[in-house]
Amino acid sequence: MKGPTTIITDPSDNDEKKFAFDYSYWSHDGSKEQADGYYGPDPSHPNGKKFCDQKRVFEDIGVGILKNAWEGYNTTLFAYGQTGSGKSWSIVGYGINKGVVPMFCEQIFKGIDEKKKAGEKTEFEIMFSMLEIYNEQVRDLLDSKPPKRGGLKVRQHPKKGFYADGLQITPVSSYSEIEDKMEEGTTNRTVASTNMNATSSRAHTIVGMTFIQKFINAAGEETTKSALINLVDLAGSERADSTGATGDRLKEGAAINQSLSCLGNVISALADRSNGKNTRVPFRDSCLTKLLKNALGGNSKTIMIAAVSPADINYDESLSTLRYADRAKQIKTTASVNEDPTEKLIRELQEENEKLKAMLGGNVKMEVMKDDDEDLSDEELAKLKQEMEEEYKSRLETNAKEMEEMHKTFEERLAEAHKHGGGQHLAEILEKKKKMPYLSNLNMDPQLSGHIVLFIEKPEVTIGNSKGSCDIMLKGPSIVENHAIIREDKGAFSIEPSEANVRLMRNGKLVTNKTELKYNDRLIFGTTQYFVFINPKDKSAKDAPTVNFEMAQEEIAKKSGFDVTSENKTRDEALLKEDIVELMPAVEECNSISEELDKKMKFELMVVSAEARGELKGRTEVMVRVVNLETKHEWIWPREKFMNRKFLMQEMYQNFLEGEEWDLPKERDPFSEDYEAEFHIGSVKIWLQSLAYHIEIKEQLDITDFKGQEVGLLNVELIPCDKKGKEYTEKDDVFVNSPDELKGKDVNFVVKILSARGLPSQFTDIYLKYLVYHEDKYTCSNPIKNTINPDWNHKRVVNFTKADDELLKYLSESAIMVQIWGKQKPPKTKKSINTKQAILSDALRKGQTSAANTNTKVFDSDKVKYMMKVAMLEKRQQQMQNKIDALNRMLELADQHSKKKISTQLIKNIYHAPTHDQAEKCLKLVEKEKDVGNDEDDTEFEAAVLGKDQPDRKRGKSGNSSRSSSSMSSRSGRNSKSSSFCVVL
């Protein structure tokens, strides 16, 4: 962060991207905890000067929101970012480090008290509401009752816009009451999330506060000035591979991501409109965008806080968040003061009710409300008309209730709210937690951890589902009627299962009999209920670390054989660990749902390398193996496809629990998979290094599957050839000593994939596909039916013109990845089984968790590379040995025929002879070579080479070596007629 600019650097290539906002804050480090627990800037830290504390954020942002509220402007504060990136810290805060919302609430109540003390006769009212949008359903978080099927209806008012019909809007008189209401709402949200392990990062929360000021205006009229303050905690910008669900027939079935994607479309359209484009804004496409219409494009002053993580493993999510915020900042809204005489408001409500009654009675034509910017089709208009009657009835009831509320004093409404509120206040619960042992929930969203508190108030506490009469009732997959018992004996606690084969875990290990409970023990009931045991009287409590959901998951993963340590991890390894921890509970939950609905399907976690997926590069990923327990057919689902199906399974299970029609036809069933779907049987990596030396490759290579297991053999040939595909042989002598010799020349080779042998028998329609170099379209063979030994006899000529350094590097260091695909044969007969018994039997055989493999079992992906490199080196060595043998034979012949000198041209011909026969023909020419010069010359030449003094026979005196060398050089240069060089033998 530099001033208002945020700079993000791609860890893969150090590419920088800059984004400019109104404010850019750094709060990752550079702080120091003060004596009272407040985190302020640390002058001694390198980032101390740029550290932004909570007070500064409130001064820059919160003071403006407060001013807007007093002046009667609607204000919306968006919080967006990846889960765990610090949204809660900035918006809510912790302890004394209060965020924007608590400080705003404190200041507004402080302002009210000051005005009352000053003698102002203005009446002040504050109303509070809290709702959640999950899977396109709106839920009132202040209603502890199970939500209505389909959630609250989102309706439209001609003046107020869209609203959630039936949402509780309760009066509050102090910040402590707001705190209690927020805790109540968060607890209700946590219960729902925990029951189904619904990922909170996919849910949006809207906290609404209406600030009303009633006073007598200059004309003597009672006037109402109101301001609606919305805090919108948007779903996280989580890492998601959009290609993961590509091809899934049910990818559009879940509405889980609809709100966020629609919000993105709305923001984009509004930004275009702000830039002068005439664009339709699709507010009606989701519940979220309907409810936020005023905040985004209407009567509101709007602020967005985008929280980003500085960790390199979160680069993609952080970049996504910054782009989202950058688009949002271009939107322009027009806010106006909400001030009207009270009598006018009541009169307008009465007039509207009379009009609605007339419309319902058929006396007046129904009006279809649409926005000025909407261009609705006839079909959409007809649909809206159908909804009108229900809409009008609801508005009649709402208006009547609103008029009734207007006639009550704020104090009367406050008293009613306190009367119906019930429950314990937050302060009472906190005090009780200091004295009594309890179970505290763990949630993958840190915001939702610790909000469910189950006190152990008896020596024996029973735990089970709602069908029984247990002391603690839990909901969720695999929770049975009598699930577990917690006992206390003389201050010592223990836990044991109430029935055999229930899902009960302590610290990552299955509990099968009575087990001691210690402080901070992690307990899992079923597959979605995660708790930590807390005993405030335990002596070890003082020094115990804080337990979170990730720690509980890591210990399960570790006991299952996965490496989830954090030390010395690369970015890709850290992402893999994150995926394992996220998907393990999801896989267990889907297995539980499959058991309870008896869907005959089992899910297993898989750790799959890029090579095992048939890709040349990429990080190791977590995938899910899906097995039909009756037919033994299996499929491999990418992470995104599995998560998409999981949400649909949860919805199906929820319908089952509520007694609704839950089973679906095969084409809509998330458990169902197509037997005709293509299956990736395995892959082979063919290294190309031999081709860089123009040496052919003829190998039988192992085909390996997702788990790195050998599932067959592939017969392949890669042979250098000319442009038309004529294969080179040894006679063509195209071997090169270095790949650099190919630079600037054409490189051509034939790819032959002849056959596969010993493939698994359950596949048919088997074919292969592969890419070469920069290709983006696969080359495929014809499918072969009903054999485990398909003969494709596939042949393809690959041509490259003028090889450059990049191509030569590809040939020297890279490979062709051949993928083998097929279809599973349909089942002949189905073996009738019970899902729960089958999964239990498999778990007893393999272990307690559903894992097809782990990231500690690493397939040796370099095995084939080394094998092919050795084969290539052997061929190179044989060729070099043949050349050396020919040169040795040349030396022998030269000695036999007393040859002192041989022309370079003949030596070249012998060295480069492509075959033994051609070398022999050249060697026969050695005896025909003419010696150049006389014996005296030879003596001088030998002296020069050996460095000895020899007598000058002509002159009768000694010469020196330098003189002989000079003589040799001049003579050899003068007498060599067949070549400009001579070789000394």
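All values reported here derive from a predicted model rather than from experimental measurement.

Overview of the overall build of the protein
Looking only at helices and strands, the protein has 22 helices and 42 strands in total. Buried residues in the protein amount to 50% of all 985 residues. Contacts in the protein between residues far apart in sequence, at least 24 positions, make up 68% of those at least 6 positions apart. Taken as a whole, the protein presents about 50000 Å² of accessible surface, with 48% of it coming from carbon and sulfur.

Quick notes on the sheet that holds strand E28 (residues 601–608)
Read from one edge to the other, the open sheet built from three strands follows the order E28-E29-E30, with strand pairing classed as antiparallel. Unpaired on one side and paired on the other, E28 and strand E30 (634–637) mark the two borders of the sheet. Here the average twist between neighbouring strands, direction ignored, is 25°. Pairing of strand E29 (residues 621–628) with E30, which is carried by four bridges, proceeds in the antiparallel orientation. Each residue of the ladder has a partner; that of Val626, found in E30, is Trp635. Where helix H14 (residues 571–597) meets the sheet, its contacts fall on E28 and E29, and the angle it forms with E28 comes to roughly 170°. Relative to E30, helix H15 (residues 639–657) is tilted by about 105°, and along the sheet it contacts E28, E29 and E30.

Re empty space enclosed by the protein
In this structure the tally under the stated criterion is five cavities of 30 Å³ or more. If you trace the largest cavity, you find it lined by Ile65, Leu77, Val100, Val101, Phe104, Val207, Met209, Ile229, Asn230 and Leu231. When contributions to the lining of the largest cavity are tallied by element, the ones reaching two or more residues are helix H3 (100–117), strand E13 (204–216) and strand E14 (222–233).

Quick look at the packing of aromatic side chains
Summed over the entire model, instances satisfying the criterion amount to 22 aromatic pairs. Ring geometry for Trp70 versus Phe211: centroids 4.9 Å apart, planes at 85°, classification edge-to-face. Pair noted here: Trp70 is in helix H1 (residues 54–71) and Phe211 is in strand E13, with a separation of 141 residues, a long-range link. Across the pair, Phe211 and Trp70 agree in class, each one buried. Taken together, a centroid distance of 6.2 Å and an interplanar angle of 50° make the contact between Phe603 and Phe671 tilted. Of this pair, Phe603 sits in strand E28 while Phe671 sits in the loop between H15 and strand E31 (678–687), and the two are 68 residues apart along the sequence. An identical accessibility class is assigned to Phe603 and Phe671; each is buried. Members of the aromatic cluster, joined through ring pairs, are Phe603, Trp637, Phe642 and Phe671. It is Lys293 that lies over the ring of Phe283; its NZ or CZ is 5.1 Å from the centre.

Quick notes on the sheet that holds strand E17 (residues 438–441)
If you trace the six strands from one edge of the open sheet to the other, you get E18-E17-E27-E26-E23-E24, paired in antiparallel fashion. Pairing within the sheet leaves two strands with one partner each, and these edge strands are strand E18 (453–455) and strand E24 (509–510).

Topic: the nonpolar core
Core analysis: the largest hydrophobic core is formed by 47 residues, its most contacted members being Leu714, Ile753, Val818 and Ile820. The leading source of residues in this core is strand E34 (residues 747–757), at five residues. When neighbours within four sequence positions are excluded, Ile753 is seen to be in contact with Leu714, Asn715, Val716, Leu768, Tyr770, Trp792, Asn793, His794 and Val818. With 40 residues, the next largest nonpolar core counts Met505, Val587, Ile593 and Tyr675 among its residues.

A look at the side chain of Thr289
Locating Thr289 in the fold gives a position in helix H6 (residues 287–291). According to the relative accessible area criterion, Thr289 is buried, its value standing at 0%. Among the polar contacts made by the side chain of Thr289, one reaches the main-chain carbonyl oxygen of Phe283 at a distance of 2.7 Å. Polar contacts involving the side chain of Thr289 include one to the side chain of Ser286, which spans 2.8 Å. Contact partners of Thr289, with chain neighbours within four places excluded, come to Cys262, Leu263, Val266, Pro282 and Phe283.

Things to note about the environment of Glu651
Within the fold, Glu651 resides in helix H15. Among the residues examined, Glu651 registers a relative accessible area of 36% and is labelled partly exposed. Taking the C-alpha atoms as reference points, Glu651 and Asn135, 516 residues apart in sequence, are found 9.4 Å from one another.

Let's talk about unusual backbone geometry
The residue Asn793 is not glycine, and still its phi comes out positive at about 50°. Along the polypeptide, Asn793 turns up in strand E37 (residues 791–800).

Quick word on the pattern of salt bridges
Enumeration over the complete set of coordinates arrives at 46 salt bridges. The shortest N-O distance in the salt bridge between Glu611 and Lys685 comes to 2.6 Å. A residue pair is termed long-range when its members are at least 10 positions apart, and Glu611 in the loop between E28 and E29 and Lys685 in strand E31 qualify at 74 residues. The pair formed by Glu611 and Lys685 is uniform in burial state, with each residue classed as buried. Among the ionic pairs, Lys641 bridges to Glu673, the shortest N-O distance being 2.9 Å. With Lys641 in helix H15 and Glu673 in the loop between H15 and E31, this pair connects stretches of sequence that are 32 residues apart. Comparing Lys641 with Glu673 shows no difference in burial state: the two are buried.

Some remarks on the packing of H1 against H3
Axis angle and axis distance: for two packed helices, these are the angle between their axes and the distance between the axes, and together they describe the pair. One can describe the packing of H1 onto H3 by two numbers: an axis separation of 9 Å at closest approach and a directional angle of 50°. With respect to H3, the axis of H1 lies oblique. Judged by the sense of rotation from one axis to the other, the crossing of H1 with H3 is right-handed. For the pair formed by H1 and H3, the contact residues are Gln54, Lys55, Val57, Phe58, Gly62, Ile65, Leu66, Ala69 and Trp70 on the first element and Val100, Met103, Phe104, Gln107, Ile108, Gly111, Ile112 and Lys115 on the second. Split into classes, the residues belonging to the contact of H1 with H3 amount to eleven nonpolar, four polar and two charged.

A short note on the pairing of strand E27 (residues 529–534)
E27 sits mainly inside the fold: six of its six residues count as buried. In E27, alternate side chains face the same way, and those of Gln529, Phe531 and Phe533 on one face and Tyr530, Val532 and Ile534 on the other are all buried. Inspection of the sheet shows E17 paired to E27 by four bridges, in the antiparallel sense. What sits directly across from Ser440, in E27, is Val532. In the sheet, strand E26 (residues 522–525) pairs with E27 via four bridges, with the strands oriented antiparallel. Each residue of the ladder has a partner; that of Ile524, found in E27, is Tyr530.

Rules behind the numbers
Residues numbered from 1 in each chain as written. Predicted model: local features only at pLDDT ≥ 70, side-chain atom pairs only at ≥ 80, totals over all residues. Heavy atoms only, no water. Helix = DSSP H or I, 4+ residues; strand = E, 2+ residues; numbered from the N terminus. Buried < 20%, exposed > 50% of the residue type's maximum accessible area, 1.4 Å probe, protein only. Contact = heavy atoms within 4.5 Å. Areas by Shrake-Rupley, 256 points an atom, 1.4 Å probe, with all protein chains shown as cover. Pairing = 2+ DSSP bridges. Axes fitted to C-alpha atoms, helices over the stretch in contact; angles between N-to-C directions. 1 Å grid on protein atoms, 1.4 Å probe; cavity = no way out; pocket = protein on both sides within 12 Å on 5 of 7 lines; lining within 4 Å. Points joined across faces, edges and corners; volume = space filled by probe spheres on them. Phe/Tyr/Trp six-rings, centres within 6.5 Å; stacked < 30°, edge-to-face > 60°. Lys NZ or Arg CZ within 6 Å of the ring centre and 35° of its normal. Core = buried A, V, L, I, M, F, W, Y, C linked by side-chain atoms within 4.5 Å. Polar contact = N/O pair within 3.5 Å; in protein donor to acceptor, adjacent residues only side chain to side chain. Salt bridge = Lys/Arg side-chain N within 4 Å of Asp/Glu carboxyl O. Parallel < 35°, antiparallel > 145°, perpendicular 65-115°, else oblique. Left-handed = near helix turned anticlockwise from the far one by under 90°. Nonpolar A, V, L, I, M, F, W, Y, C, P; charged D, E, K, R; others polar.

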